[in-house]
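Structural overview for review
For reference, the chains in residue letters:
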Amino acid sequence: MTDMKERIESLKAQVLRAAVAPEPVIDGMTERSVFLMAATSELGVMHGKRIAENCGRVVAAITDVSGDATIYGVPRWTSEDFLRRAKQYPGAIALDFSAGLNGPGWVAMLCEQTGVERRDCVMAQAQLGLIAVYEDVRTYRRRTTERLDDFLKLVDRFDDDFSKLTLFGNLLFRLTYDRSHLVRSSPADEYFSGWGDASTFHLGSREHFVDCGAYQGPIVKKFLGATGYRYESITAYEPDRLNFEKLRNVVPHPLHDYHPVNKAVSSQRETLRFVETGTMSSHVVTDGGVAVETICLDDELDKLTFLKMDIEGFETDALKGAQRLLRSQRPRAAVCVYHYAHCLLRVMEQFDAAVEDYHFRLRQHLGGYYYDLVLYASPVVGMEPPAQVA
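Moving on to the packing of aromatic side chains. Where two aromatic rings form a pair, the distance of their centres and the angle of their planes describe that pair. Within this structure, the stated rule accounts for 21 aromatic pairs. Here Y140 and Y370 contribute two aromatic rings whose centre-to-centre distance is 4.7 Å and whose plane-to-plane angle is 55 degrees, an arrangement assigned as tilted. Linking Y140 in helix α6 (residues 137–146) with Y370 in the loop between β16 (359–364) and β17 (373–378), this pair joins segments that are 230 residues apart in sequence. The exposure class assigned to Y370 is buried, which follows from its relative accessible area of 2%. Each ring, one from F173 and one from Y370, has its centre 4.5 Å from the other, and the planes form 55 degrees; the classification is tilted. Taken together, the residues F173 in helix α8 (residues 161–176) and Y370 in the loop between β16 and β17 connect sequence positions 197 residues apart. Exposure remark for F173: the relative accessible area of 0% places this residue in the buried category. An aromatic cluster is defined as three or more aromatic residues linked by ring pairs; in this entry it consists of F192, F201, F209, F223, Y231, F306 and Y376. Here the basic side chain of R332 rests over the ring of F201, its NZ or CZ set 4.9 Å away from the ring centre. Here the guanidinium or amino end of R361 rests over the ring plane of F201, the centre of that ring lying 5.0 Å away.

Given below as structure tokens:
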């Protein structure tokens, strides 16, 4: 316990130092030779092309999984090519797009053997003004520092030390642009677990489950598997019509008390503009190409025992529209808090406005980037469901 307390205090001190340190930069990034490492990873696909277009001397994109001659308009090299040829480019930078368990170690090994300076791709995103999720990387950092005291006050609100480590790791990543600080949790446990061992929630057999941002139904399917189809009701909200068509028939047989709804969730009923992509990134935006109706959960539901939210930064508004349900039903909730820098603070404020004596944990699933930071809220301690839904 003493060791953990010392570790937490050390991480807090690191966060405070990082917040007042100069913003990290890569000296000469637009003039030096650049390699794009693990170029076909998810991060490479999202940001590699823009970075390649804005760095002056990109030599090659390094990957062993693609057979293409070029990637993002530059030659593709294998790791063997890199080991053989990289030393021909003195002073070069290796931008690391790697993800997963093996990728970072693979890139580190290649850079160590060649002597090429390795820097995180997020640092390049910051210098080039590229997006994090819905804010650019530098704005995400600036807004984190503006309310750093409020973030640090959350430490004592969490039930477990792992949540505290997760928060400090996430803050250090935001401030330093170094993904190695992130504290990762299993993606298998995101929102709830279907297995006996978990760090998030177990489900009961009498759940009234509400999925806000249901996409094409992957979490509904996970819910069915985790409960063995024993539940009271499922309500799933998805505003994207392309996604909704698949959500309607999430399994090839009828489900009892399953209610898919082709609307967005907010604090009031209104019509908003929406970017409809048929992917997980569909979202509300002022210049969106389609109109979408919103609903307020307090107007729609009387029963709620488990609430999942991943609605592209609209979680705060949706919780404002669920204050009655939060007070009367006291559900467990798993809410995404990563789309904007202040999401975690704003979501906590909504819970504090509605309920007392709640317990909170924080987990970063798929923790190689800003994504999948989830706040877990419960009226009871721990992972097990309250007695009335068990």
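Now, onward.
Here the focus is the pattern of salt bridges. Counted under the stated rule, the structure contains 20 salt bridges. With its nearest N and O atoms 2.8 Å apart, the salt bridge here joins R118 to D96. Within this pair, whereas R118 is found in strand β6 (residues 117–120), its partner D96 is found in strand β5 (residues 93–96), the two being separated by 22 residues in sequence. The partly exposed category is assigned to R118, whose relative accessible area is 37%.

The rules behind the values
- Along every chain, residues carry numbers that run from 1 in the direction the sequence is written.
- Local features are withheld for residues below a pLDDT of 70 in this predicted model, meaning they are given only at 70 or higher, and side-chain atom pairs are given and counted only at 80 or more; totals for whole chains, interfaces and linings count all residues.
- Derived side-chain values reflect all non-hydrogen atoms in the structure, with water molecules and hydrogen atoms excluded from consideration.
- Working definition: a ring pair exists when centres of Phe, Tyr or Trp rings (six-membered ring for Trp) sit within 6.5 Å. Plane angles under 30 degrees give stacked, over 60 give edge-to-face, the rest tilted.
- Strands are runs of DSSP state E lasting at least two residues, helices are runs of H or I lasting at least four, and both sets are numbered from the N terminus onward.
- For the exposure calls, accessible area comes from a 1.4 Å probe over protein chains only, and a residue counts as buried if that area is under 20% of its type's maximum, exposed if over 50%, partly exposed in between.
- Put simply, a charge is over a ring when the Lys NZ or the Arg CZ is close to the ring centre, within 6 Å, and near the line of the ring normal, within 35 degrees.
- We define a salt bridge as a side-chain nitrogen of Lys or Arg found within 4 Å of a carboxyl oxygen belonging to Asp or Glu.

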